[in-house]
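Residue-level structural notes
These are the residues of each chain, in order.
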Amino acid sequence: MRSVMVQIPNTPTSADVARLAGVSRATVSYVLNNTSAVRISDATRRRVHEAARELGYVPHAAARSLRAGHSRTVLMPAPAIPVGPLYSGFLNELQWALGRLDYTVVQYGSVGLQGDEAARAWAELRPVAVLVPGTGLGPQGVALLKRSGVRAVVTLGPARVDGAHALLMDHDAVGRCAGAHLYERGRRRIGVVLPEEPGLDVYARPRLAGVREALGGTDAAVSGLPLGYTEESAAELAARWPRLGLDGVFAYNDEYAMLLMRALQDEGVRIPEDVAVIGADDLMLGRLLRPRLSTVRIDLPSGRDLAGLVDRAVRDPGGEPEVHTVLGASVIRRESS
């Protein structure tokens with residue numbers, strides 16, 4: 001039988017990078033691991049990075065974790081709900097900022113897993129930190145993650161969880177801004193869109209509560225309007241509009257506002273003459289509509305600030321959990337209201 005020799009290319013090592021760059025292996029390690037404790041000139045850093053690129057050298061994550069005593073992986077469970085451009089931009093900034101601090105961000109799809117079951121799946125990957133959007137994680141899940149070696153658990157939602165750092169999202173404030181604006185514009189029979197898509201209720205209900213809070217004690221009436229994110233659902237709601245007797249609507253966000261506005265206009269409802277409409281998120285598409293869409297601009301936390309919180313928690317895992325209230329809100333007045 002004829003034999004065939006197969007040559008397997010050698011995997012470049014840090015020693016190869018050191019020889020090509022004319023430095024020691026220790027210097028290669030300091031440069032590629034972004035070690036700040038040792039002063040290394042910019043010229044030397046450039047030579048090391050150029051040599052690593054030329055050879056195709058990639059540091060071994062597992063070996064680096066062994067040296068550090070923990071991984072550099074930050075796990076972000078993928079949101080179970082659709083995310084819009086605003087949240088996507090925040091995630092991009094966060095991942096960039098964590099990368100600058102030498103962390104590797106991994107998004108983990110855990111569809112169908114909730115609470116402690118989800119926490120157990122996350123723990124199996126041995127991340128150094130977990131950033132949890134929304135709700136569902138409880139104190140037991142936090143404790144499970146910490147027992148597995150997770151140094152930082154950070155939640156982003158409406159309430160804090162014992163043992164975790166928290167960024168509190170005040171969605172009531174979004175509703176208060178929208179409700180107060182519609183009242184100032186003379187609207188007294190106000191509807192608030194409640195998306196029917198799974199998972200959005202945790203944000204929609206506080207926004208409805210915020211509208212009611214803003215209009216409490218006034219002569220205005222507030223009602224919830226269930227709406228699915230489909231043209232058919234919007235057309236059905238628009239067909240019933242004359243019977244609802246509403247003169248103002250907070251449409252949860254800009255996307256639902258644009259969907260509803262088109263359906264109302266198709267039914268001959270004039271905006272803003274017959275009904276004032278306001279959304280949230282301040283998306284560019286809202287500025288391209290006619291009439292231009294009024295909106296509540298939402299200020300999400302800085303991705304750099306959150307990355308800094310993660311880094312502090314990783315360095316001091318026994319420290320007191322930090323709690324920050326975020327999500328500023330302000331009205332952008334345009335023609336639709």
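Here the structure is a predicted model, which is why all the values come from computation and not from measurement. (Residues numbered from 1 in each chain as written. Predicted model: local features only at pLDDT ≥ 70, side-chain atom pairs only at ≥ 80, totals over all residues. Heavy atoms only, no water.)

Some remarks on a negative patch on the surface
Our working definition: Exposure above 30% relative accessible area and the lack of any salt bridge qualify a residue for a patch; like charges then connect within 9 Å, and the nonpolar side chains Val, Leu, Ile, Met, Phe, Trp and Tyr within 5 Å. Areas reported as accessible are Shrake-Rupley estimates using a 1.4 Å probe. Residue values count occlusion only from the protein chains shown. The salt bridge criterion pairs a side-chain nitrogen of Lys or Arg with a carboxyl oxygen of Asp or Glu, the two atoms within 4 Å. His residues and chain termini do not enter the charge count, which takes Lys and Arg as positive and Asp and Glu as negative. Lysine's charge is taken at NZ, arginine's at CZ, aspartate's at CG and glutamate's at CD. The helix count covers DSSP runs of H or I at least four residues long, the strand count covers runs of E at least two residues long, and both are numbered beginning at the N terminus. The buried label applies to any residue whose accessible area, calculated with a 1.4 Å probe on protein chains only, is under 20% of its type's maximum; exposed applies above 50%, and partly exposed to all values in between.
A contiguous patch of negative charge, built from Glu-231, Glu-232, Asp-266 and Glu-267, is present on the exposed surface. Tracing the backbone shows Glu-232 in helix 10 (residues 231-239). Taking the relative accessible area as the measure of exposure, Glu-232 reaches 59% and is therefore exposed.

Observations regarding the sheet that holds strand 7 (residues 221-227)
As a reminder of what qualifies: Whether two strands pair depends on DSSP finding at least two bridges between them. Under this scheme, a helix contributes an axis fitted over its contacting stretch, all axes are lines through C-alpha atoms, and angles between N-to-C directions fall in the 0 to 180 degree range.
As summarised here, the arrangement of the six strands in space is 7-6-8-9-10-12, forming an open sheet in which the pairing is mixed. What marks the edges here is a single partner per strand, and that holds for strand 7 and strand 12 (328-332). Recorded for the sheet is a direction-independent mean angle of 20° between the axes of neighbouring strands. One ladder, built from three bridges, connects strand 9 (residues 276-280) with strand 10 (residues 294-299); its direction is parallel. Within strand 10, the position partnered with Gly-279 by the bridge is Thr-295.

A word on the packing of aromatic side chains
For the record, the criterion: Here is the rule: rings of Phe, Tyr and Trp (six-membered ring for Trp) pair when centre to centre is within 6.5 Å. Planes less than 30 degrees apart are stacked, more than 60 are edge-to-face, and the remainder are tilted. Each ring is checked for a lysine NZ or an arginine CZ that lies within 6 Å of its centre and within 35 degrees of its normal; such an atom marks a charge sitting over the ring.
Using the criterion set out here, one finds two aromatic pairs in the structure. Here Tyr-252 and Tyr-256 contribute two aromatic rings whose centre-to-centre distance is 5.8 Å and whose plane-to-plane angle is 85°, an arrangement assigned as edge-to-face. Since its relative accessible area comes to 6%, Tyr-252 is described here as buried. Joined through ring pairs, the aromatic side chains of Tyr-229, Tyr-252 and Tyr-256 make up one cluster. A cation over an aromatic ring shows up here: Arg-72 above the ring of Tyr-103, its NZ or CZ 4.0 Å from the ring centre. Across the ring face of Tyr-252, the terminal group of Arg-207 is positioned such that the distance to the ring centre comes to 4.8 Å.

A short note on the pattern of salt bridges
Side-chain pairs of opposite charge can arise whenever the charged atoms involved come near each other. Per the stated rule, a full pass over the model turns up 14 salt bridges. Here the residues in one salt-bridge network are Asp-282, Arg-287, Arg-297 and Arg-334, joined through shared partners.

Some words on a nonpolar patch on the surface
On the surface, Met-284, Leu-285 and Leu-288 cluster together to form a nonpolar patch covering roughly 350 Å² of accessible area. Following the sequence through the fold, Leu-288 ends up in helix 13 (residues 284-288). By relative accessible area, which is 56% here, Leu-288 ends up exposed.

Points about the environment of Ile-298
The following threshold applies: The contact rule is simple, with two residues in contact once any of their heavy atoms fall within 4.5 Å.
Tracing the backbone through its elements, the reader meets Ile-298 in strand 10. Residue Ile-298 is classed as buried on the basis of its relative accessible area of 6%. Excluding residues within four positions of it along the chain, Ile-298 makes contact with Leu-86, Val-174, Arg-207, Ala-280, Asp-281, Leu-327 and Gly-328.

Observations concerning the sheet that holds strand 11 (residues 323-326)
Pairing is parallel across the open sheet formed by six strands, whose spatial order is 2-1-3-4-5-11. Each having just a single partner strand, strand 2 (104-108) and strand 11 make up the two edges of the open sheet. Mean inter-strand twist for the sheet, computed between neighbouring axes without regard to direction, equals 15°. Relative to strand 3 (residues 129-133), strand 1 (residues 73-77) is paired through two bridges, and the arrangement is parallel. Bridge pairing links Leu-75 to Val-130 in strand 3.

Points about the pairing of strand 7
The test is simple: The definition of a right-handed crossover adopted here requires that, viewed with the strands pointing away, the path from the first strand over the helix to the second runs clockwise.
Alignment of strand 6 (residues 189-195) against strand 7, held across seven bridges, turns out to be parallel. Its bridge partner being in strand 7, Val-193 is matched across the sheet by Leu-225. Considered for its hand, the β-α-β crossover made up of strand 6, helix 9 (residues 201-215) and strand 7 is right-handed.

Quick notes on unusual backbone geometry
Looking along the chain, the bond that leaves Ile-271 and enters Pro-272 is cis, with omega of 10°. The topology assignment puts Pro-272 in the loop between helix 12 (254-266) and strand 9. In the segment running from Arg-290 into Pro-291, the intervening peptide bond is cis, with an omega of 0°. Within the secondary structure, Pro-291 is located in the loop between helix 13 and strand 10. Residues other than glycine seldom take positive phi values, yet Arg-126 does so here, at roughly 55°. Tracing the backbone through its elements, the reader meets Arg-126 in the loop between helix 6 (115-123) and strand 3.

Re the nonpolar core
We apply this condition: Definition used in this section: a nonpolar core is a set of buried Ala, Val, Leu, Ile, Met, Phe, Trp, Tyr and Cys residues joined via side-chain atoms within 4.5 Å.
Leu-98, Leu-131, Trp-241, Phe-250, Leu-306 and Val-310 are the most contacted members of the largest nonpolar core, which has 70 residues in total. The leading source of residues in this core is helix 12, at eight residues. Residues in contact with Trp-241, not counting those within four places in the same chain, are Leu-225, Leu-246, Val-249, Leu-260, Leu-264, Val-269 and Val-275. Leu-75, Trp-122, Val-153 and Val-161 belong to the second-largest nonpolar core, a separate cluster that totals 15 residues.

By themselves, these figures tell us nothing about what the structure is for.
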